[in-house]
Amino acid sequence: MEVIVCRDYEEMSAKAAEIVIGAVRKKPKFVLGLATGTTPLGLYKRMAEANRAGKVDFSKVVTFNLDEYVGLAPDHVQSYRHFMDANLFNHVNINKVNTHVPDGKAKSLLAACEKYEQMIADAGGIDLQVLGIGRDGHLGFNEPGTSLASRTQVVVLTEETIEDNSRLFQNKDEVPRFAVTMGIQTILNARCCLMMANGKNKADAVKGCVEGPVTAMNTASALQMHPNAVVIVDEAAAAKLELLDYYKWCRKGKEQLTNLL
Ligand code: GLP
């Protein structure tokens, strides 16, 4: 796991954008996994700016989002489909037909989960999965206790997640109790995982993810088993990392090492 500690949110977003944009430029038919939440907004803003400036082309890119609330239609303002349209897809030259968000209104949610896995496989698998992290260490909506071998599934949200996400709704009672989410194994199958976290309220989750035991109690800790996982954090989210100085040391040494390889 490569841990990149950044000064603040802006530097974290810029670093993530550099990685994502660089990867898309190398492979135009890129399959990009995307996340919702406040964390990736700075990344999406930079992706849109780079696209406007002609520095990156999304016309052949295919995307798969991590999750969606059960019961919210795509045009519901709090749906993750709406979030993605408003914060990224409407601002880049992506073909919306190539953008996928799990269907939270499917007649059979189980069938929709299987179909989502199949669509990812048919696209050739995810090249890079963008991730945020919940305060309880969840990736997507894989709450503590979820199998680390899980595939796209229907889950029950914890009260903490409902509380955290209620800030975007009129009130807590409007937050759906269930969601469809890629499973942890689905996420681990991506060729590269790029997780971002900022702010001190994520410090415990980041500590568990990066340095804790691999455990279903912090599903993001499964990233320790991924051969190509990059974690980009700001100073506040990195504050509880035991090897903080070492991660910074590694980052400095990396350039020298690259020249030697
Ligand atoms: C939700 C999403 C996650 C996201 C998390 C953190 O629960 N399902 O994918 O990582 O929120 O959100 P934020 O980035 O707003 O802190």
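Use the structure listed above.
Just so we're clear, the structure is a prediction, and the values are computed from it rather than from any experiment.

Quick rundown of the sheet that holds strand β5 (residues 99-100)? Include the residues and the values.
Ordered by their spatial adjacency, seven strands build an open sheet running β1-β10-β9-β6-β2-β3-β5, and the pairing between neighbours is parallel. Of all the strands in the sheet, just β1 (2-6) and β5 have a single pairing partner and so form its edges. In the sheet, strand β2 (residues 31-34) pairs with strand β6 (residues 128-131) via two bridges, with the strands oriented parallel. Within β6, the position partnered with leucine 32 by the bridge is leucine 128. Each of β3 (62-65) and β5 touches helix α4 (residues 109-122); the most contacted strand, β3, lies at about 150° to it.

Break down the site of the ligand for me, citing the residues and quoting the values.
The local shell around the ligand holds 14 residues, among which Thr38, Thr39, Asp67, Arg167 and Lys202 are the closest. At 2.4 Å from an oxygen atom of the ligand is found a side-chain nitrogen or oxygen belonging to threonine 39. Within the contact set of the ligand, an oxygen atom lies 3.3 Å away from a backbone nitrogen or oxygen of isoleucine 133. Within the complex, 92% of the 390 Å² of free accessible area of the ligand lies under protein. Among the cavities detected, the one that contains the ligand is the largest pocket. Residues of the shell around the ligand, tallied by class, amount to three nonpolar, eight polar and three charged.

Mind laying out the nonpolar core, listing which residues take part and the relevant values?
With 69 residues, the main nonpolar core has Tyr44 and Val130 as its most contacted residues. For tyrosine 44, the contacting residues outside a window of four places in its chain are Leu34, Ala35, Phe83, Met84, Asn87, Leu88 and Val130. Grouped together as the second largest cluster of nonpolar side chains are 11 residues, Tyr69, Phe141, Val155 and Val175 included.

Provide a residue-level description of the layout of surface pockets, including the pertinent values.
Taken as a whole, the largest pocket holds about 660 Å³ of empty space. Contributing to the lining of the largest pocket are 33 residues, with Thr36, Gly37, Thr38, Asn165 and Arg167 lying nearest its centre. Of all the secondary structure elements, the ones that give two or more residues to the lining of the largest pocket are β4 (67-69), α3 (80-87) and α5 (159-165). Of the residues forming the lining of the largest pocket, the biggest block, three residues, is contributed by α5.

Can you lay out the packing of aromatic side chains for me, pointing to particular residues and giving the numbers?
In total, this model carries six aromatic pairs according to the counting rule given. Between tyrosine 69 and phenylalanine 169, the ring centres sit 5.7 Å apart and the planes meet at 80°, which makes this aromatic pair edge-to-face. Residue tyrosine 69 is found in strand β4, and its partner phenylalanine 169 is found in the loop between α5 and β8 (178-181); the two are separated by 100 residues along the sequence. Here tyrosine 69 matches phenylalanine 169 in class, with each residue buried. Among the aromatic residues, those joined into a cluster by ring pairs are Tyr69, Tyr80, Phe141 and Phe169.

Cut-off values and rules
- The numbering scheme is per chain: residues are counted from 1 as the chain's sequence reads.
- Per-residue local features are limited, in this predicted model, to residues with pLDDT of at least 70; the limit for side-chain atom pairs, both in listing and counting, is 80 or more; totals at the level of whole chains, interfaces and linings are taken over all residues.
- Side-chain numbers here rest on the full set of heavy atoms in the structure, without hydrogens or water.
- Paired strands are those between which DSSP finds at least two bridges.
- Helix numbers and strand numbers start at the N terminus; a helix is a DSSP run of H or I with at least 4 residues, a strand a run of E with at least 2.
- The contact definition used throughout considers only heavy atoms, calling two residues in contact when any of these lie within 4.5 Å.
- Lines fitted to the C-alpha atoms define the axes, with helices restricted to the stretch that makes contact. Angles between their N-to-C directions range from 0 to 180 degrees.
- Proximity is defined per residue: if any heavy atom of the residue lies within 4 Å of a molecule or strand, that residue is considered near it.
- Each polar contact in these results corresponds to two N or O atoms within 3.5 Å; when the atoms are within protein, one needs to be able to donate a hydrogen and the other to accept it, and residues that are neighboring in sequence are counted only if both atoms are side-chain atoms.
- Using a 1.4 Å probe, accessible areas were evaluated by the Shrake-Rupley method; residue-level cover was limited to the displayed protein chains.
- Think of a 1 Å grid over the protein atoms and nothing else: a 1.4 Å probe that fits but is trapped marks a cavity, an open set flanked by protein within 12 Å on at least five of seven lines marks a pocket, and residues with an atom within 4 Å of a point count as lining.
- A molecule is said to be in a cavity or pocket once over half of its atoms fall within 2 Å of that pocket's grid points.
- Amino acid classes used here: Ala, Val, Leu, Ile, Met, Phe, Trp, Tyr, Cys and Pro are nonpolar; Asp, Glu, Lys and Arg are charged; the rest, including Gly, are polar.
- Definition used in this section: a nonpolar core is a set of buried Ala, Val, Leu, Ile, Met, Phe, Trp, Tyr and Cys residues joined via side-chain atoms within 4.5 Å.
- Relative accessibility under 20% of the residue-type maximum defines a buried residue, over 50% an exposed one, and the middle range a partly exposed one, all with a 1.4 Å probe and only protein chains included.
- Grid points are joined across faces, edges and corners, and a volume is the space filled by probe spheres set on the points.
- Each Phe, Tyr or Trp ring (for Trp, its six-membered ring) is paired with any other whose centre lies within 6.5 Å, and the angle between the two planes then decides the class: stacked below 30 degrees, edge-to-face above 60, tilted in between.

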